[in-house]
Every structure is written in C-alpha cells, then in structure tokens.
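# Reading the structure
Letter by letter, the chains look like this.
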Amino acid sequence: MFMLIIFVMEVKDFFLYKNSWEKINCTHHRSWMRDDLIVILSHGFFSDKNSYTNQQLSNLLQEDAVDTLAFDFYGHGQSDWEINNITISKTLEDFNCVLDYVKNNWYKKIWIVGSCLWAISIMEMAKIQGVDSICVKSAFLEPSHFSLFNDKEFLEYRKKIKNINFQQNERKNEEMSHNTNLNYDFYDDLEQVSWDMKLEINVPTLFVHAEHDELIPLSGIQNVVDQFANAYLRCV
C-alpha cells in the first residue's frame, strides 16, 4: 500500500517596514507541516528575490516542507531607492528587519543563503544568536574583491551572467545594467567591516564556488575558508 503525502504551501507576498519611509519586499513560503526551520534566501548584487537561484532553492526546499523567505535588498527588485546608494550597513538593516519577522513567527532554526557581494553581510548575521547555519556562493571575502565593481572587466563579465529576471521589473533591471557604479559611501562604509569576523563565526558555514571563477580565484577562497572553525567548500 502506498501513501501519498501532499505538502500545501501558503505563499505570502508582503512588505516589511524598516521605518516610516523604507520598506522591504518579501515572499514567504510556508508549509504548515513543520514550524521549526526556515531558510532566508537573499540574492546577489544586481539581482532580486526572484532570481533563478532563489526560485530553484525554494522549490527544492518545499519538497521537504521547509519554509523559505526571500526578500529584495535596498535598491534591488521592488524595493525603494537607487542601487548605487547601497552599503553594507543598509543590507544589515534589511537582514535584521527580516530576522525579526522570522523570529516573531516562532521559527526555532534559521538558515541564511546568499551570494557574492553580500557574503560579508551574511557573515555578520552569523554572529547573531538564533542564526544556525549560513551558505554563500561566489563569496566576496576580501577588501580587494570589492574594487571589481567599478572595473570595466566586471561590467563585461556581468553581460555574460543570465541570473537576472528581466520579466520581473524589466525597466529597473535595464537601467541597472547601464549604471552599476557604487558610490563612495559604499567604500567608506566598507572600512568599518571587521575582516577578522571569520574568527568569531562558529555556526556551520558552506561556501559554494566555481572552480574556474573569472573574478575570484578558487585558491583565494580556499585560503579564507581554511581559517573558519566550521566551514566547508563545495566546488562546482
């Protein structure tokens, strides 16, 4: 005799308000079959919560009745303001607002997934009590990595990447594709980052990196990963 179990997912699109003038666009998938684990899905620079990676991860997690919450960072997707004005501090404000929402929904285990530029923000979040595990792909983990964002080679490289959902908010993505330079505020803010934070992170950490990454060599990532107490590197 076979038993068929169907997980019914509730999908909720909504805004979280950081303050009276800034809001974060979110999508919460909830199964109601379990209430212990949720995975927060963040996205990379020049992308949004509906990225191909986030959608695929959400679908896979839903098969195991794992809840997910995806959101748009400051200046991305359907969020407010211009992408050029983003800073690490602003992404941390977004993360903390999302984390408060998740904790208020009584989740016992919280995992965070993200990529590239905002890997450093995820590292900061890993130091907060209640975050149980993190996963980052194509992580920017050294100060020199961030200089790439105003480099012509980076702009050419971005043209090869097809992880932007142009069907969603097509006009904004088209404008972003011509104007990706970050303002000086980003680099000033970056100076406040503690690059030794990896010594303070003990939660299980998974790094996913391309073996032939055109921007950040695998060897550089391996050297950083080796300094973590509980980290793993997966090459693809």
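Higher on the page you've got the structure.
Residues numbered from 1 in each chain as written. Predicted model: local features only at pLDDT ≥ 70, side-chain atom pairs only at ≥ 80, totals over all residues. Heavy atoms only, no water.

### What to know about the overall build of the protein
Each helix and strand counted, the protein has seven helices and eight strands in total. Of all 236 residues assigned to the protein, the portion counted as buried reaches 50%. Across the protein, contacts joining residues at least 24 apart in sequence account for 69% of those joining residues at least 6 apart. Counting every atom, the protein has about 12700 Å² of accessible surface; 52% of that belongs to carbon and sulfur. (Helix = DSSP H or I, 4+ residues; strand = E, 2+ residues; numbered from the N terminus. Buried < 20%, exposed > 50% of the residue type's maximum accessible area, 1.4 Å probe, protein only. Contact = heavy atoms within 4.5 Å. Areas by Shrake-Rupley, 256 points an atom, 1.4 Å probe, with all protein chains shown as cover.)

### Some thoughts on the sheet that holds strand β6 (residues 131-137)
Taken in spatial order, the eight strands of this open sheet run β1-β2-β4-β3-β5-β6-β7-β8, and their pairing is mixed. Looking at the sheet topology across the chains shown, the edges are occupied by β1 (10-17) and β8 (231-235). Neighbour to neighbour, the strand axes of the sheet diverge by 20° on average, direction disregarded. Pairing geometry for strand β2 (residues 23-30) and strand β4 (residues 67-71), over four bridges, is antiparallel. (Pairing = 2+ DSSP bridges. Axes fitted to C-alpha atoms, helices over the stretch in contact; angles between N-to-C directions.)

### Quick notes on the side chain of Ser133
Along the chain, the position of Ser133 falls in strand β6. Polar contacts involving the side chain of Ser133 include one to the main-chain carbonyl oxygen of Pro204, which spans 3.1 Å. Discounting chain neighbours no more than four positions away, the residues touching Ser133 are Ile110, Trp111, Ile112, Val203 and Pro204. (Polar contact = N/O pair within 3.5 Å; in protein donor to acceptor, adjacent residues only side chain to side chain.)

Scope: geometric values only; no functional claims are made or implied.
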